[in-house]
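Architecture at a glance
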Amino acid sequence: KTNIDPTRRYLYLQVLCGKAFLEHLQEPEPLPGQVCSTFTLYLHFRNQRFRSKPVPCACDPDLREGFLLEVHRDSLGDGSKMADATTMLSISDRVHMVLIKTDTSSETVLVSSHFLDWRSVLSSPSGKTSLAAELLGVGKTVNCCYL
């Protein structure tokens, strides 16, 4: 659980699932307690870093995780002040999403790196939006993650 400060603005980014990781189409379902390769999603936004729980590699990995990102002013001395609507629109920083695969011997491989522009949520009447982020694989693979 995270304490939420009502004097600050936050962006809640919820990853709903992963789809079409086709290179893992033939991946067998792991048995309980069995060591298997895993995916871990890492996020970076305005000097904040986050990491998901590792999930077993699969064609449709169970990447369900929520991240609470703080949106603050960037100018010197304003880091603790709440960003107003105009300031939020002017923030060009995107959420950097990195997907890493860890195999059974603890070797890590970069699967994808994606920059997500989050500002579309600011124009949503409900204050929330859903989108599919295409996580382009390193090389010729394409994966999809639903937010």
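Details of the structure are given in the entry above.
One structure accompanies this document, and this report is about it. (Residues numbered from 1 in each chain as written. Predicted model: local features only at pLDDT ≥ 70, side-chain atom pairs only at ≥ 80, totals over all residues. Heavy atoms only, no water.)

1. Observations regarding the packing of aromatic side chains
Aromatic ring pairs: the centre-centre distance and the angle between the two ring planes describe each pair. Counted by the stated rule, this structure contains two aromatic pairs. Here the aromatic rings of Phe 45 and Trp 118 are separated by 5.8 Å at their centres, their planes lie at 85 degrees, and the arrangement is edge-to-face. Highlighted residues: Phe 45 in strand β3 (residues 38-45) and Trp 118 in the loop between β8 (108-116) and β9 (132-136), separated in sequence by 73 residues. With respect to class, Phe 45 is no different from Trp 118; both count as buried. (Phe/Tyr/Trp six-rings, centres within 6.5 Å; stacked < 30°, edge-to-face > 60°. Helix = DSSP H or I, 4+ residues; strand = E, 2+ residues; numbered from the N terminus. Buried < 20%, exposed > 50% of the residue type's maximum accessible area, 1.4 Å probe, protein only.)

2. Side note on the pairing of strand β4 (residues 48-51)
When β3 meets β4, the two strands line up antiparallel, connected through four bridges. Note that in β4 the partner of His 44 across the bridge is Arg 49. Hairpin geometry of β3 and β4 is characterised by an intervening segment of two residues between the two adjacent antiparallel strands and by a positive phi of about 50 degrees at Arg 46. (Pairing = 2+ DSSP bridges.)

3. Regarding the layout of surface pockets
Unoccupied space between atoms shows up once a probe the size of one water molecule is rolled over them. Of the voids in this model, the largest pocket is the one considered here, and its volume is about 470 Å³. Along its surface, the largest pocket is lined by 19 residues, and Leu 11, Tyr 12, Val 121, Lys 128 and Thr 129 are the ones closest to its centre. The biggest single contributor to the lining of the largest pocket is strand β1 (residues 9-15), with six residues. Across the lining of the largest pocket, the residue classes tally to twelve nonpolar, five polar and two charged. (1 Å grid on protein atoms, 1.4 Å probe; cavity = no way out; pocket = protein on both sides within 12 Å on 5 of 7 lines; lining within 4 Å. Points joined across faces, edges and corners; volume = space filled by probe spheres on them. Nonpolar A, V, L, I, M, F, W, Y, C, P; charged D, E, K, R; others polar.)

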